Amino acid sequence: MIIARNITKTYKPDPKEVLSKVSLQIDDGEFVAIVGGSGSGKTTLLRCLSLQDEWDSGQLIVNGKDAGKLGSIGKWGVRRRWVFIEEKPTLDLHATALKNVARSLLFHSPIRAVAGLVSKNEHMEAMDYLERVGLLDKAHQKAGQLSGGERQRIAVAKALVQGATMIFADEPVSGLDPTSAESVMRDLKAIGKREQITIVATLHRLDLAERYATRILGVREGRVVVDIPGRALDERERGLIFG
Ligand SMILES: Nc1ncnc2c1ncn2[C@@H]1O[C@H](COP(=O)(O)OP(=O)(O)OP(=O)(O)O)[C@@H](O)[C@H]1O
């Protein structure tokens, strides 16, 4: 669970508040979509909630711990099972989907990971993860030959390997064609539900947030102006977010 109380952030030396007294709560198992216009502060909010960025004032409580008081080791402990999925996930494009996932199984053995020395058991385990994200038929294809949506699914499989309890995704479907965007959203939602993973994602497309998120946070000029369960927004709510 994440609780934010009056989080405020500026990018110094610019005195303008990019986040302004943001207060919210994210419960375990939610699929939270952060929506808003360009430059409204979505990514900054995601980066603060995921402890990737510092904030200036306010309090962030993560699983009962005051995150502002944690040192780097304490933060590492909290973030150990958090996974970050970017617009373009960092994958080895020359390696197969299978190898990309199998390498995540070797996080405790970096030399084998770099050399790509994967045992038979690890291969089978990686196949299992690829099946869970619906990519079994593409296991032996190089990541560079896969579509953007399929690459996002590899990133999700890697998150599962790492035993993710939370996934933070910054624009996970931007740059994807509408069909792939739908399927990534559908997968994220299904996997989050099945594996009990909390998901927080920034999204440009409001329709996807409305259809897939269990909760929508609307941000405007650094403030959370709408905080509702996932559903179609009414005129007033749209106006509050987009003007
Ligand atoms: N590293 C940075 N240094 C200075 N200003 C920044 C930095 N990152 C973001 N900003 C500014 O903070 C504001 C909010 O940016 P942010 O990326 O959080 O918005 P966003 O809603 O995610 O935008 P978009 O939808 O266009 O990606 C913008 O005015 C941006 O220029």
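This is a predicted model, so every value here is computed, not measured. (Residues numbered from 1 in each chain as written. Predicted model: local features only at pLDDT ≥ 70, side-chain atom pairs only at ≥ 80, totals over all residues. Heavy atoms only, no water.)

**Here we look at the site of the ligand**
Inference 1: The full set of residues close to the ligand is Tyr11, Lys16, Val18, Gly37, Ser38, Gly39, Ser40, Gly41, Lys42, Thr43, Thr44 and His204.
Inference 2: One of the side-chain nitrogen or oxygen atoms of lysine 42 is found 2.7 Å away from an oxygen atom of the ligand.
Inference 3: Along the lines of polarity and charge, the residues of the shell around the ligand split into two nonpolar, eight polar and two charged. (Near = heavy atom within 4 Å. Polar contact = N/O pair within 3.5 Å; in protein donor to acceptor, adjacent residues only side chain to side chain. Nonpolar A, V, L, I, M, F, W, Y, C, P; charged D, E, K, R; others polar.)

**As for the domain arrangement of the chain**
Inference 1: Under the domain assignment used here, the chain contains domain 1 (1-81 + 165-243) and domain 2 (89-164).
Inference 2: For domain 1 and domain 2, the distance between their C-alpha centroids amounts to 27 Å.
Inference 3: Approximately 1,000 Å² of surface area, both sides summed, lies buried where domain 1 meets domain 2, with 58% of it carried by carbon and sulfur atoms.
Inference 4: Where domain 1 touches domain 2, the interface holds two salt bridges.
Inference 5: Here glutamate 195 and arginine 132 are joined by a salt bridge, their closest N and O atoms 2.8 Å apart.
Inference 6: Applying the counting rule to domain 1 against domain 2 returns seven residue pairs in polar contact (both at pLDDT 80 or more).
Inference 7: For the side of domain 1 that touches domain 2, the secondary structure elements donating two or more residues are strand S7 (166-170) and helix H7 (178-195). (Domains from an automatic or database assignment. Buried area = accessible area lost by both parts, 1.4 Å probe. Salt bridge = Lys/Arg side-chain N within 4 Å of Asp/Glu carboxyl O. Helix = DSSP H or I, 4+ residues; strand = E, 2+ residues; numbered from the N terminus.)

**Observations regarding the sheet that holds strand S1 (residues 2-10)**
Through backbone hydrogen bonds, the strands of a sheet pair up, either in parallel or in antiparallel fashion.
Inference 1: On the basis of which strands lie adjacent, the open sheet formed by four strands has the order S2-S1-S4-S5 and antiparallel pairing. On the outer flanks of this sheet lie strand S2 (17-26) and strand S5 (65-66), each paired with one strand and no other.
Inference 2: Strand direction decides the pairing type here: S1 and S2, joined by six bridges, are antiparallel. Paired with isoleucine 2 across the two strands is isoleucine 26, which belongs to S2.
Inference 3: Packing of helix H1 (residues 42-49) onto the sheet brings it into contact with S1, S2 and strand S4 (57-62), and relative to S2 it is tilted by some 55°. (Pairing = 2+ DSSP bridges. Contact = heavy atoms within 4.5 Å. Axes fitted to C-alpha atoms, helices over the stretch in contact; angles between N-to-C directions.)

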